[in-house]
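Here is what each chain is made of, one letter per residue.
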Amino acid sequence: MKTILAVCLLALSAFAGSVTTYCDSLPNSTGQVAQCGYTGSLNRVNNDLSMTLANATPNTFGQLTCGTVPFNVPFGNGTLCINPLTQFVRVGGPVPITNGTAICPVDLTSMPLATTLRFQWWYRDAAAGSITFNTSNAVACTLD
């Protein structure tokens, strides 16, 4: 009976939390719109969450940002989706973008429980003209 209970608890923790996307961004110099996504779970105990980036400008670098308050204003060649004036942090350092993709691990042990965290990537896009950066859409993650 204890084994069954342990297996059920592990299965539930693997699917904890919820994720929604919001705040569309704009096409970059390649004509694509960068997308923020994730791998792993939203369970603090598992602590295996990584945020992904797809369709960004290749052979540049990006910065993952995190905050708690949504925003929606023009920013660079994209849209700023997280209010930078409230609980706004950079996650890790700049991440290389190869083939338009990147990944950044997130340490959930330093995040509060049952909080919605909002993630968005900023990335270089020098070919875009006078404004040399763009953004992805944003992802709102409710931790368990």
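Here goes a summary of the coordinates provided. Fair warning: this is a prediction, and the values are worked out from it, not measured in the lab.

**What to know about the sheet that holds strand E2 (residues 35–39)**
Part 1: Taken in spatial order, the three strands line up as E2-E3-E8 in an open sheet, and their pairing is antiparallel. The two strands at the open ends of the sheet, each matched to only one other strand, are E2 and strand E8 (102–105). In this sheet, adjacent strand axes meet at a mean angle of 25° when their direction is disregarded.
Part 2: Where E2 meets strand E3 (residues 50–54), five bridges bridge the pair, whose relative direction is antiparallel. Pairing of Gly-37 across the sheet is with Thr-52, part of E3.

**Thoughts on the environment of Thr-68**
Part 1: Inspection of the secondary structure assignment puts Thr-68 in the loop between strand E4 (60–67) and strand E5 (70–75).
Part 2: What makes Thr-68 partly exposed here is its relative accessible area of 22%.
Part 3: Separated by 47 residues in the primary sequence, Thr-68 and Thr-115 have C-alpha atoms spaced 8.1 Å apart.
Part 4: With sequence-adjacent residues up to four places away left out, Thr-68 is seen in contact with Ile-82, Thr-86, Gln-87, Thr-115, Thr-116, Leu-117 and Arg-118.
Part 5: A polar contact of 2.9 Å, which involves the side chain of Thr-68, links it to the side chain of Gln-87.

**Points about the nonpolar core**
Part 1: Counting 24 residues, the largest nonpolar core has Met-51, Leu-64, Val-106, Phe-119 and Trp-121 as the members making the most contacts within it.
Part 2: Breaking this core down by element, the ones donating at least two residues are E3, E4, strand E7 (89–97), E8, strand E9 (116–124) and strand E10 (133–142).
Part 3: The element best represented in this core is E9, accounting for four residues.

**Digging into the sheet that holds E10**
Part 1: In spatial order, the strands read E1-E10-E9-E4-E7; together these five strands make up an open sheet with antiparallel pairing. With one partner strand each, in any of the chains shown, strand E1 (18–22) and E7 form the two edges of the open sheet. Strand after strand, the sheet turns through a mean of 25° between neighbouring axes, direction not considered.
Part 2: Pairing between E1 and E10: five bridges, direction antiparallel. When the sheet's bridge partners are listed, Ser-18 is paired in E10 with Thr-142.

**Brief notes about the state of the cysteines**
Part 1: Counted by the stated rule, this structure contains one disulfide.
Part 2: Between Cys-23 and Cys-81 runs a disulfide, and the two sulfur atoms are separated by 2.1 Å. In this structure the cystine formed by Cys-23 and Cys-81 twists about its S-S bond by roughly -80°; its chirality is therefore left-handed. You can see Cys-23 sitting in the loop between E1 and E2 and its partner Cys-81 sitting in strand E6 (residues 78–82), a full 58 residues away along the chain.

Reading guide: rules and limits
- Residues numbered from 1 in each chain as written.
- Predicted model: local features only at pLDDT ≥ 70, side-chain atom pairs only at ≥ 80, totals over all residues.
- Heavy atoms only, no water.
- Pairing = 2+ DSSP bridges.
- Helix = DSSP H or I, 4+ residues; strand = E, 2+ residues; numbered from the N terminus.
- Axes fitted to C-alpha atoms, helices over the stretch in contact; angles between N-to-C directions.
- Buried < 20%, exposed > 50% of the residue type's maximum accessible area, 1.4 Å probe, protein only.
- Contact = heavy atoms within 4.5 Å.
- Polar contact = N/O pair within 3.5 Å; in protein donor to acceptor, adjacent residues only side chain to side chain.
- Core = buried A, V, L, I, M, F, W, Y, C linked by side-chain atoms within 4.5 Å.
- Disulfide = S-S within 2.5 Å.

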